[in-house]
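# Residue-level structural notes
The residues making up each chain are set out below.
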Amino acid sequence: MPPIKIGIVGLGKIARDQHLPALAANPDFDLVAVASRNASQEGVANFATLDEMLEGMPELDAVSLCTPPTVRYGQARQALRAGKHVMLEKPPGATLSEVEDLAQLAEASSGSLFATWHSRHAPAVEPARQWLASRRIRKVHIEWKEDVRVWHPGQHWIWEPGGMGVFDPAINALSIVTAILPRNFFLREGTLQVPENCQAPIAANLRFSDSEDTPITADLDFLQTGPQTWDIHIETDEGNLALRKGGSQMFVDDRLEHEAPEQEYPGLYARFAELVARCESEVDVAPLRHVADAFLLGRRETVAAFHDEG
Ligand code: NAP
């Protein structure tokens, strides 16, 4: 098969850090265009908007949307209607309803829709799922703490409605636990700490459980300086599992059982190529549903204003 001609929309942090290198290393794709309001990329056709890209390059097969979640629905709809395959950065949209509408649209169109969860491609996630499958889970604790000033410098959209605040990284933890735990789980209570000048939480504590009353807790923080924590601890009847460093390491009873180089975005594009070849879609809204539940059920506490410069 000839390479899939793909265009990137939104040339921000994640497009530069991950999408450009992953595409350059994957012979199934040929990056032929970029749509950016502010930047340009050497060696490809540059357009200011998706509109112009679709019009100026009808031979495009696919688009990868690396924009914030609040603008993705309109862009994805436009691209699907133009017959393109569409890859969505996480979170796949600002609301569950719009993502479900996109999934329906994809079913009725000729294109594939891939709602990505990059953390599910972290190397220890699948080994953890397999290890847990035969064990009885007693307790789960998620600790997801990072420094917003390091990872999201100047990203004002993250504090606006739909930007999700601390859930922008924490949805990655939710994408892992929804993939590795054997049963559905659901929120029982939560506290969301919202800076007085923001629309989205900067920290949260959540308590979930499942049909067997397994305690599942999450401690989320966007102001962690120094070492960063992206860990999930799971107690079972046959030992304790820890997924550390965002799912790149798996420990059992403090013994390192699995570790491999980070390959999340190469994994995403390999999966997208498979979906495109079969004209299939993959849209799992489970992580976004938990975030929506936190906004529905969580108790708000107003905390000190957040200013990006520190
Ligand atoms: P970012 O640096 O702010 O980049 C987003 C880009 O989208 C902007 O540079 C801009 O690109 C475009 N954009 C912003 N607002 C727009 C609007 N209103 N209309 C149209 N285009 C707009 O953000 P990011 O960190 O790359 O995050 C983008 C997505 O990737 C988010 O959903 C985030 O959760 C996800 N993600 C981020 C990371 C990370 O570490 N930062 C990791 C994994 C996933 P142009 O100026 O080129 O138009």
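In what follows, the accompanying structure is described. (Residues numbered from 1 in each chain as written. Predicted model: local features only at pLDDT ≥ 70, side-chain atom pairs only at ≥ 80, totals over all residues. Heavy atoms only, no water.)

## Structural notes on the overall build of the chain
This is how the line gets drawn: The helix and strand labels rest on DSSP assignments: H or I over at least four residues marks a helix, E over at least two residues marks a strand, and numbering proceeds from the N terminus. The reference for a compact globule is 2.2 Å times residues^0.38; the radius of gyration itself is calculated from the C-alpha atoms. Residues are treated as being in contact if the distance between any of their heavy atoms lies within 4.5 Å. Residue burial considers only the protein chains on display, and all accessible areas are found by Shrake-Rupley using a 1.4 Å probe. A positive count includes Lys and Arg, and a negative count includes Asp and Glu. His and the chain ends are not counted in either. Just so you know, the charge point we use is NZ for Lys, CZ for Arg, CG for Asp and CD for Glu.
Looking only at helices and strands, one finds nine helices and 15 strands in the chain. For 310 residues, the compact-globule estimate of 2.2 N^0.38 gives 19 Å, and the chain sits close to it at 20 Å. In terms of its C-alpha atoms, the chain occupies a principal-axis envelope of roughly 55 × 45 × 35 Å. Contacts in the chain between residues far apart in sequence, at least 24 positions, make up 71% of those at least 6 positions apart. Approximately 14100 Å² of the chain is accessible, and the part contributed by carbon and sulfur atoms is 46%. Each charge class in the chain was averaged separately, 28 positive and 45 negative side chains, and the resulting centres sit 4 Å apart.

## Focus on the site of the ligand
Basically, it comes down to this: Near residues are defined by distance, with any heavy atom within 4 Å of the molecule or strand qualifying the residue. Definition of a polar contact: a pair of N or O atoms within 3.5 Å, with one able to donate and the other able to accept a hydrogen when the atoms are protein atoms, and with sequence-neighbouring residues admitted only if both atoms are side-chain atoms. Where a domain begins and ends is set by an automatic assignment or by a domain database.
The environment of the ligand is made up of 24 residues, and the closest members are Leu11, Ser36, Asn38, Arg72 and Asp168. In this structure, an oxygen atom belonging to the ligand sits 2.8 Å away from a main-chain N or O atom of Lys90. Trp157 has a polar side-chain atom sitting 2.9 Å from an oxygen atom of the ligand. Burial of the ligand by the protein chains amounts to 83% of its free accessible area of 870 Å². Here the shell around the ligand spans two domains, and each of domain 1 (4-115) and domain 2 (119-263 + 293-303) adds at least three residues to it.

## A word on the sheet that holds strand E6 (residues 113-115)
Defined as follows: Here the rule is simple: two strands pair whenever DSSP picks up at least two bridges between them. Only the stretch in contact is used when fitting a helix axis, every axis being a line fitted to C-alpha atoms; angles between N-to-C directions are given from 0 to 180 degrees.
Spatial strand order, E3-E2-E1-E4-E5-E6: six strands in an open sheet with parallel pairing. Two strands in the sheet have a free side with no partner beyond their single neighbour: strand E3 (45-47) and E6. Sheet twist, expressed as the average angle between the axes of neighbouring strands with direction ignored, equals 25°. Pairing of strand E1 (residues 4-9) with strand E2 (residues 29-35) involves six bridges; the strand directions are parallel. Its bridge partner lying in E2, Ile6 is registered against Leu31. Where helix H1 (residues 13-24) meets the sheet, it contacts E1, E2, strand E4 (62-65) and strand E5 (85-88), and its direction lies at approximately 175° from that of E1. Across the face of the sheet, helix H8 (residues 264-278) comes into contact with E1, E2, E4, E5 and E6 while running at roughly 155° to E5.

## With respect to the packing of helix H3 (residues 72-81) against helix H4 (residues 96-108)
To be explicit about the condition: To sort the angles, those under 35 degrees are grouped as roughly parallel, those over 145 as roughly antiparallel, those from 65 to 115 as roughly perpendicular, and the leftovers as oblique.
Between H3 and H4, the least distance of the axes is 10 Å, while the angle of their chain directions is 5°. Taken as axis vectors, H3 and H4 run roughly parallel relative to one another. Contacts between H3 and H4 involve Tyr73, Ala76, Arg77, Leu80 and Arg81 from the first element and Glu98, Asp101, Leu102, Leu105 and Ala106 from the second.

## Brief notes about the pattern of salt bridges
The condition that has to hold: Note on definitions: salt bridges are taken to be side-chain nitrogens of Lys or Arg within 4 Å of carboxyl oxygens of Asp or Glu. Working definition: with a 1.4 Å probe on protein chains only, accessible area under 20% of the residue-type maximum means buried, over 50% means exposed, and in between means partly exposed.
Taken as a whole and assessed by the stated rule, the structure comprises 16 salt bridges. Here Lys145 ties to Asp219 by a salt bridge, and the two come within 3.3 Å at their closest N and O atoms. With a gap of 74 residues between them, Lys145 in strand E7 (residues 137-145) and Asp219 in strand E10 (residues 216-221) connect regions that are remote in the sequence. Relative accessible area serves as the criterion here: at 22%, Asp219 is assigned to the partly exposed category. Note that Glu274 and Arg271 form a salt bridge whose closest N and O atoms lie 2.7 Å from each other. Taken together, the residues span about one helical turn, with Glu274 and Arg271 both in helix H8 at a distance of three residues. On the accessibility criterion, Arg271 (21% relative accessible area) is partly exposed. Connected through salt bridges with shared partners, the residues Arg136, Arg183, Asp210 and Glu212 form a single ionic network.

## Observations concerning the side chain of Glu264
Here Glu264 shows up in helix H8. For Glu264, which is buried and forms no salt bridge, the nearest opposite charge comes from Lys90, at a distance of 9.3 Å. A polar side-chain atom of Glu264 sits 2.6 Å from a polar atom in the side chain of His118. Leaving out residues up to four positions away in the same chain, Glu264 has contacts with His118, Ser119, His121, Ala122 and Gly246.

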